[in-house]
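# Examining the three-dimensional arrangement
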Amino acid sequence: MSLMLVLAAGIGGSLIGALVNYYGAMYLGRPFLLKFGKYFFIKPETIEKMEAFFQKHGSVSTFTGRLIPVVRQYISLPAGLSKMNVGLFSFYTALGAGIWVFILVMLGYILGDNQDLIAQYMREILMILFAGLVLLLGFYYWIYVRTKKELS
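All of the points below concern the structure found in this document. All of these numbers come straight from a predicted model, not from anything done at the bench.

## Some remarks on the packing of aromatic side chains
- A complete count under the given rule lists 5 aromatic pairs for this structure.
- Measuring from ring centre to ring centre gives 5.1 Å for Tyr-22 and Tyr-23, while their planes differ by 90°; the resulting arrangement is edge-to-face.
- Relative accessible area serves as the criterion here: at 33%, Tyr-23 is assigned to the partly exposed category.
- Their ring planes at 25° and their centres at 4.7 Å tell us that Tyr-22 and Phe-89 sit as a pair that is stacked. Of this pair, Tyr-22 sits in helix α1 (residues 3-36) while Phe-89 sits in helix α5 (residues 86-111), and the two are 67 residues apart along the sequence.

Put into structure tokens, the structure is as follows:
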């Protein structure tokens, strides 16, 4: 198999799935949450706060959310609810998904059928990604707070 085609298919599939969730949340999510959110302890104010958060931090949230297992499957929903710019959403989704696809494809290519080594390296990669994510979020927060203080 061609590594480039496998990478393109992985990123493309991730992007298509994310866009389905994004548009589903955009067109169906808000009315559903406003009508049935009270049963899930979601108030209209909570929806408005989430939308405001995503307007300010949607890009970094989408990118970092794609790097976190479990969160990566659901990050499209708040992006769609807040009607994040679809171009930015697609870019950051492809970038974040691309990192995972690249890691998984390279592990599969290098390690082949040895599943024990894959599990061992995956744990280390997750730890490195998590540490990098914490540093990235810390840096983003530091810049955001600093910029906000300078503007006020």
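Read on, since the account is not over.
## Some details on the packing of α1 against α5
- Contact geometry for α1 and α5: axes closest at 8 Å, N-to-C directions at 140°. The angle between α1 and α5 falls in the class oblique. Crossing hand, α1 versus α5: right-handed. Contacts from Leu-3, Val-6, Leu-7, Gly-10, Ile-11, Ser-14, Leu-15, Ala-18, Leu-19, Tyr-22 and Tyr-23 in α1 reach Val-86, Phe-89, Ser-90, Thr-93, Ala-94, Ala-97, Gly-98, Val-101, Phe-102, Val-105 and Tyr-109 in α5.
- Counted by class, the contact of α1 with α5 contains 17 nonpolar, 5 polar and no charged residues.

## Quick notes on the environment of Gly-24
- For Gly-24, the location among the structural elements is in helix α1.
- Residue classification places Gly-24 among the partly exposed positions, given a relative accessible area of 29%.
- Expressed as a C-alpha distance, the spacing of Gly-24 and Gly-96, which sit 72 residues apart in the sequence, is 21 Å.

What counts, and at which threshold
Residues numbered from 1 in each chain as written. Predicted model: local features only at pLDDT ≥ 70, side-chain atom pairs only at ≥ 80, totals over all residues. Heavy atoms only, no water. Phe/Tyr/Trp six-rings, centres within 6.5 Å; stacked < 30°, edge-to-face > 60°. Buried < 20%, exposed > 50% of the residue type's maximum accessible area, 1.4 Å probe, protein only. Helix = DSSP H or I, 4+ residues; strand = E, 2+ residues; numbered from the N terminus. Axes fitted to C-alpha atoms, helices over the stretch in contact; angles between N-to-C directions. Parallel < 35°, antiparallel > 145°, perpendicular 65-115°, else oblique. Left-handed = near helix turned anticlockwise from the far one by under 90°. Contact = heavy atoms within 4.5 Å. Nonpolar A, V, L, I, M, F, W, Y, C, P; charged D, E, K, R; others polar.

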